[in-house]
Amino acid sequence: MKTLHLKKSAAGSSGRSHKATGGGGSSGTKKRMGTGDGQIERKFNPLDGSPWVRLEVGLPEIEDVERMHIQHYMMKFGFQGNYCAPIKNLLKEPGVRVLDAACAEGGGDAIWAIDMAREYPTVEFTATDSNPAMLPTNIPPNLRMHQHEVTQPIPYPTGTFDYVHTRNMILSLRTDDWPKVIKELARVVKPGGYIEFCEPEWRKSGISPAVDQITATFNDMIASRGADVNIANHIGSLVAACPLLTDVHQEIRTFPHYDNPGNAVLDRLARFGRQDIVKGIEALKPLLVARGQMSLEDFDAALEKVDGDLRLARSTYTVVTVYARRI
């Protein structure tokens, strides 16, 4: 059985990594992860007390960030970069090709691919999404956009890309889609290349009656479509089960939603997190009201309380990233 290397960082964590079987359960064995290209140590986490002076990636002012980009900058800051896989040196080599699959799911308009293409101008990036309206035209010259439905065979030969990235497919795939999508994405990775998945943990309840009412209604709607709202909890096991992949690593980051008056950077990160939740819930309004699942008055009343409720509950937001090497 393949091994899943798990690294979970949260408030008060030791920053150590755990080794778990491909089945997903922790074995209880702790080990320090290496810093070479085989295994990567990420010492920073928003809630583990890491020194802010060591940060290489900062946060922009939230007023300058479009709604669909808020989560992108949160995740880039929280993981201190746009990827966790050990590909930093690879991206400096000539002829490297990268695929961002379902790119509109990861930021609304291929923001991850655009950001990466600007950072690595010698790399050839390809971004795909099923909705052509979400594919921007004002893009860097080393980025190409193609329409493609992620549940369908990818129109590229086996072993085309050095690195494949995707995130936030939690609402796009049915439970049964995940294994075949993972295998098809892995197919187009070159032997020795990497694939990376990033998914949020979906909070079901426990914030406040107002927030819980909206999320419960939305969760019921998602479940009725066959989507797996708990995919973050077992994406690592699904990747480990893919016969084309090995050396599977999982990293978990927890972001605060509550005020941090003694730390200006952490306080801004929390503000980003709350805005992400508020704007995300606000976007559900037409759907939930049109379906008769909530009245307009009930939704507006609940929405008004969200920001304050997230602060009072000392809520957090957790994101799981899994990367693996192609056999």
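Rules behind the numbers
Residues numbered from 1 in each chain as written. Predicted model: local features only at pLDDT ≥ 70, side-chain atom pairs only at ≥ 80, totals over all residues. Heavy atoms only, no water. Helix = DSSP H or I, 4+ residues; strand = E, 2+ residues; numbered from the N terminus. Buried < 20%, exposed > 50% of the residue type's maximum accessible area, 1.4 Å probe, protein only. Contact = heavy atoms within 4.5 Å. Areas by Shrake-Rupley, 256 points an atom, 1.4 Å probe, with all protein chains shown as cover. Core = buried A, V, L, I, M, F, W, Y, C linked by side-chain atoms within 4.5 Å. Pairing = 2+ DSSP bridges. Right-handed = clockwise from strand over helix to strand, strands pointing away. Axes fitted to C-alpha atoms, helices over the stretch in contact; angles between N-to-C directions. Left-handed = near helix turned anticlockwise from the far one by under 90°. Nonpolar A, V, L, I, M, F, W, Y, C, P; charged D, E, K, R; others polar.

Caption draft 1: Quick look at the overall build of the protein chain. The secondary structure content of the protein chain amounts to eight helices and 10 strands. Burial analysis of the protein chain (327 residues in total) assigns 54% to the buried set. In the protein chain, of all internal contacts separated by at least 6 residues, the share reaching a separation of at least 24 is 72%. Carbon and sulfur atoms make up 50% of the accessible area of the protein chain, which amounts to about 14,400 Å² in all.

Caption draft 2: Geometry of the nonpolar core. Ile87, Leu91, Val98, Phe125, Leu143 and Tyr163 are the most contacted members of the largest nonpolar core, which has 38 residues in total. When residues of this core are traced back to their parent elements, those giving at least two are α1 (70-78), α2 (111-119), β5 (124-129), β6 (143-147), β8 (189-200), α6 (264-283) and β10 (316-326). Element by element, the count of residues in this core is highest for α2, at five residues. Discounting chain neighbours no more than four positions away, the residues touching Val98 are Leu91, Trp112, Val123, Glu124, Phe125, Thr126, Phe161 and Tyr163. Listed in part, the 33 residues of the second largest apolar core include Ile170, Val189, Ile195 and Val248.

Caption draft 3: Quick look at the pairing of β8. Across the 12 residues that make up β8, a large majority, nine, are buried. For strand β7 (residues 161-167) and β8, the ladder comprises six bridges, and the chain directions are parallel. Bridge pairing in β8 places Phe161 opposite Val189. At this point the chain moves from β7, through helix α3 (residues 177-187), to the parallel β8, and the crossover so formed is right-handed. Pairing of β8 with β10, which is carried by seven bridges, proceeds in the antiparallel orientation. Pairing of Ile195 across the sheet is with Ala324, part of β10.

Caption draft 4: Fine view of the packing of α1 against α6. Where α1 meets α6, the closest approach of the two axes is 9 Å, and the angle between their N-to-C directions is 145 degrees. In this structure, α1 meets α6 at a crossing whose hand is left-handed. Contacts between α1 and α6 involve Ile70, Gln71, Tyr73, Met74 and Phe77 from the former and Val265, Leu269, Phe272, Gly273, Gln275 and Asp276 from the latter. Taken together, the residues of the contact of α1 with α6 break down into seven nonpolar, three polar and one charged.

None of the figures reported here should be taken as evidence of function without further support.
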